[in-house]
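The primary structure of each chain is shown beneath.
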Amino acid sequence: MIQLEGLTKRYGAKLAVDGLTATIKPGLVTGFLGPNGAGKSTTMRMIMGLDRPTAGRATIDGRPLSAQRAPLTKVGALLDAKSVHPSRSGRAHLLALAATNGISKRRVEQMIQATGLEAVASRRTKTYSLGMHQRLGIAAALLGDPAVVVLDEPVNGLDPEGVLWVRRLARSLAAEGRTVFLSSHLMSEMSQTADHLIIIGRGRLLADAPIDDIIAGASEEATRVRSPQAAQIAAALASHSVTVTTEDAETIVLTGIGVKQIGEAAATNGWVIYEMTPITSSLEEAYMSLTDSAVEYRSASPVLEGALS
Amino acid sequence: MTAAAVAPTASVHVRKPRLTFARIAKSEWIKVRSVRSTWLLLVIFAISALGITTAMASFAAFRNPEEGEAGVFMGESDAGTALLNLATMAVVYIAMIVVTVYASLAIGSEYSSGAIRSTLSAAPRRGSVFGAKTFVIAGTSALATAVLIAAAWAIGAGILTGRGLNPALTSDGLRQMGLTVVYAIAIALIAVGAGFITRSTAGGMATVLGLLLVLPMVLNFVPSKVGAYALAALPDQAAAAMVSNKTDYLIGGVWGAVAVLAGWVVLAIVGGYATFTRRDA
């Protein structure tokens, strides 16, 4: 379990992380989501004791990482896959890390196999591809069979097979009862991996809830109706609780009324219905609406904005 | 390869995992052994120091005692003292460069590659990491210097014996060799401190080589008394006075020299420690 208590980091005049309080629980994959520059990496560095918080603290099972007897067995982290000496072999890198906590050579070999690095383990890491670096980083993170796993943007730059592998790995680690905390700036990635989401923007907590609640909270019930009598339907159903938006001559979107009531009204009034589709807002939309005011760098051109969204 | 394959078995740990100073030191030892630059520097150190000694011992002119004069070799009538000075000089000059590069690389490359973050994630106790790194770098530098000065003496003695001289190793000679190793340790410590302060291989190397090689040359041209004292206050001058037992060293004789060298070491180590333990990694 990771606990963040009023965690704050200030760089000069800029607050990178602003009073973050959250608990990341075991047995779940907790996604850490936010736009680039929101303070995700800084938060993770503070959990790992690499950056000193300006205020507040981050603890693992009640203690900061530096106070753990065997830190590698408590937390395994992949913050930056390239955090290895380019002239050292992957195996020597793992052996050196394992030695600090007295973890056996056998375990190192086991992790090399589990991450599929057997063929390249003796090569200097400067010859590694990004995917190999990522695997080496994950091997390092899991060396101590840790209770907590922290992964910063673990699928960045991976090929589809690698993405799938990381996703399955995160799920299986959580299924074993571990605390899995992984960051991403991509909501689509989270929707396939995470059980719980912590969303931040400009260093501040925006949401801390199960992924289903976040989708449900952001969605208003909406139904798209296509009918030659669209205008008639709109006039009949519009009220103070039902809003109607007209998409074209025969397509309208109704919010505040369910599919069931629309269907019953159609039967009663004898309306011809070509199409009736419930629209649930996607996680992506939920995320956009949450972080909308918290995006650090906004594209100025509306054309570009349209292209990116 | 499947995700499930990563799930560990319960019996993987032979010993109980625990972070200790000795284990961090072992990790640092694995690190210095597992990069090519360490071995390359060792080869350069050995070839240069032993090569200079061999060449000088073989070809330096001396007057032959069989011609009726006292054997005078390299300005000394005692061949043992002459060889000692020769071996010390060869090892010290090369050690200044090799040990500085070695220590600067060991610290600087961790920062340039980002490996320091991996190190501190596994071993989040900064003081212990600083101590272990310093211990391993200074220890390996001391070991290499001790072996090479002994080898330089042995090779030189063999050559001089072949040339009809009879170099003897005295207790003063052993003291001088020991102090040469102490100087190598001091260089390693100064470079480790500079490495942690600058967090860069080039920065650490430039700082220490500037202090050891460039500043003495510059200050030599400053004529005043201030210049003489400033020159004497440099680590290499203090070390030279300490190693060769120069009782007329400007700042308090031999013990003054020891104090000046120790001052440089303390300055670098305290600065490096404060930087490493306080700044974000």
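Residues numbered from 1 in each chain as written. Chains lettered and ligands numbered in written order. Predicted model: local features only at pLDDT ≥ 70, side-chain atom pairs only at ≥ 80, totals over all residues. Heavy atoms only, no water.

Caption draft 1: Focus on the overall build of chain A. Within chain A, the secondary structure is distributed over twelve helices and 13 strands. Taken against the 2.2 N^0.38 rule, which gives 19 Å for 309 residues, the C-alpha radius of gyration of chain A at 24 Å runs more than 25% over that of a compact globule. Based on the C-alpha atoms only, the size of chain A along its principal axes is roughly 75 × 45 × 40 Å. Residues counted as buried form 49% of the 309 residues belonging to chain A. By sequence separation, contacts in chain A at least 24 residues apart represent 69% of the contacts at least 6 residues apart. When the accessible area of chain A is evaluated, it comes to approximately 13500 Å², of which 53% is carbon and sulfur surface. In chain A, the 31 positive side-chain charges and the 30 negative ones have mean positions that sit 14 Å from each other. (Helix = DSSP H or I, 4+ residues; strand = E, 2+ residues; numbered from the N terminus. Rg over C-alpha atoms; globule rule 2.2 N^0.38 Å. Buried < 20%, exposed > 50% of the residue type's maximum accessible area, 1.4 Å probe, protein only. Contact = heavy atoms within 4.5 Å. Areas by Shrake-Rupley, 256 points an atom, 1.4 Å probe, with all protein chains shown as cover. Lys, Arg positive; Asp, Glu negative; His and termini not counted. Charge placed at Lys NZ, Arg CZ, Asp CG, Glu CD.)

Caption draft 2: Summary view of the confidence of the model for chain A. Residues and elements named next belong to chain A. Averaged over every residue, the pLDDT of chain A is 88; residues scoring 70 or more account for 91%. Confidence, read as mean pLDDT per element, is least for helix H12 (residues 302-308) in chain A (44) and greatest for helix H3 (residues 90-101) (97). Here residues 300-309 is a poorly scored stretch, pLDDT under 50, and it has four contacts once near neighbours within four places are set aside; other chains count. (pLDDT = per-residue confidence, 0-100.)

Caption draft 3: Representation of helix H5 (residues 130-141) of chain A within the structure. All names here are of chain A. Look at H5: 16 Å from first C-alpha to last across twelve residues, which is about the 16 Å you get at 1.5 Å a residue. Those residues of H5 not exposed but buried are His133, Gln134, Arg135, Leu136, Gly137, Ile138, Ala139, Ala140 and Ala141. Looking at the packing, one finds that the buried side of H5 touches strand S5 (75-78), H3, helix H4 (105-114) and helix H6 (160-175). (Expected span 1.5 Å × (residues − 1).)

Caption draft 4: Seen up close, the interface of chain B and chain A. Across the boundary between the two partners, chain B contributes 43 residues, which contact 53 residues of chain A. Summed over both partners, the interface of chain B with chain A buries about 4000 Å², with 56% contributed by carbon and sulfur atoms. Viewed at the interface, chain A and chain B are joined by two salt bridges. Between Arg117 of chain B and Asp80 of chain A there is a salt bridge whose closest N-O contact spans 3.4 Å. The tally of links from chain B across to chain A stands at 18 residue pairs in polar contact (both at pLDDT 80 or more). Counting only elements with at least two residues in the side of chain B that touches chain A, the list comes to helix H1 (21-33), helix H3 (79-113), helix H4 (115-122) and helix H10 (253-278) of chain B. Considering only residue class, the side of chain B that touches chain A consists of 19 nonpolar, 14 polar and ten charged. (Buried area = accessible area lost by both parts, 1.4 Å probe. Salt bridge = Lys/Arg side-chain N within 4 Å of Asp/Glu carboxyl O. Polar contact = N/O pair within 3.5 Å; in protein donor to acceptor, adjacent residues only side chain to side chain. Nonpolar A, V, L, I, M, F, W, Y, C, P; charged D, E, K, R; others polar.)

Caption draft 5: Molecular detail of a positive patch on the surface. A grouping of Arg63 and Arg69 of chain A together with Lys16 and Arg18 of chain B is seen on the molecular surface, where their side chains present a positively charged patch. Locating Arg18 of chain B in the fold gives a position in the segment before H1. For Arg18 of chain B, a relative accessible area of 38% corresponds to the partly exposed category. (Patch = residues over 30% accessible without salt bridge, like charges linked within 9 Å, V, L, I, M, F, W, Y side chains within 5 Å.)

Caption draft 6: Region of interest: a nonpolar patch on the surface. All names here are of chain B. A contiguous nonpolar patch, built from Ile52, Met56, Met74, Met89 and Tyr93 and spanning about 430 Å² of accessible area, is present on the exposed surface. Contributions of two or more residues to the nonpolar patch are made by helix H2 (36-59) and H3. Locating Tyr93 in the fold gives a position in helix H3. Given the relative accessible area of 51%, Tyr93 is considered exposed.

Caption draft 7: Region of the structure containing the environment of Ser48 of chain B. All names here are of chain B. Of note, Ser48 is situated in helix H2. Its relative accessible area of 22% is what places Ser48 among the partly exposed residues. Considering only alpha carbons, one finds Ser48 and Tyr93, 45 residues apart in sequence, at a separation of 9.6 Å. Engagement of the side chain of Ser48 in a polar contact is seen with the backbone oxygen of Ile44, the distance being 2.6 Å.

Caption draft 8: Broad picture of the environment of Ala70 of chain A. With respect to the helices and strands, the residue Ala70 of chain A is situated in the loop between strand S4 (55-60) and helix H2 (71-74). With a relative accessible area of 8%, Ala70 of chain A lands in the buried category. For the pair Ala70 of chain A and Pro278 of chain A, spaced 208 residues apart in sequence, the C-alpha to C-alpha distance is 52 Å. The contacts of Ala70 of chain A, once residues within four sequence positions are left out, are Asn101 of chain A together with Pro17, Arg18 and Leu19 of chain B.

Caption draft 9: Geometry of the nonpolar core. One finds Leu4 of chain A together with Phe45 and Tyr183 of chain B to be the most contacted residues of the largest nonpolar core, which totals 105 residues. At 19 residues, the largest contribution of residues to this core is made by H3 of chain B. (Core = buried A, V, L, I, M, F, W, Y, C linked by side-chain atoms within 4.5 Å.)

Caption draft 10: Geometry of the packing of H3 of chain A against H4 of chain A. Residues and elements named next belong to chain A. H4 packs onto H3 with a crossing angle of 135° between their chain directions and a minimal axis gap of 10 Å. Taken together, H3 and H4 sit at an angle that is classed as oblique. Judged by the twist between their axes, the crossing of H3 over H4 is right-handed. Contacts between H3 and H4 involve Arg91, Leu94, Leu95 and Ala98 from the first element and Lys105, Val108, Glu109 and Ile112 from the second. By residue class, the composition of the contact of H3 with H4 is five nonpolar, no polar and three charged. (Axes fitted to C-alpha atoms, helices over the stretch in contact; angles between N-to-C directions. Parallel < 35°, antiparallel > 145°, perpendicular 65-115°, else oblique. Left-handed = near helix turned anticlockwise from the far one by under 90°.)

Caption draft 11: Broad picture of the pattern of salt bridges. If you walk through the whole model with that rule in mind, you get 18 salt bridges over all chains. Each of the salt bridges in this network shares a partner with another, and the network as a whole consists of Glu28, Lys31, Glu110 and Lys133 of chain B.

Caption draft 12: Structural detail: the packing of helix H7 (residues 201-220) of chain B against helix H8 (residues 225-232) of chain B. Residues and elements named next belong to chain B. H8 packs onto H7 with a crossing angle of 160° between their chain directions and a minimal axis gap of 9 Å. What the angle tells us is that H7 and H8 run roughly antiparallel. Classified by chirality, the crossing of H8 by H7 is left-handed. Taking contact as the criterion, the partners of Pro216, Leu219 and Asn220 in H7 are, on H8, Gly227, Ala230 and Leu231. When the residues that make up the contact of H7 with H8 are grouped by side-chain class, the tally is four nonpolar, two polar and no charged.

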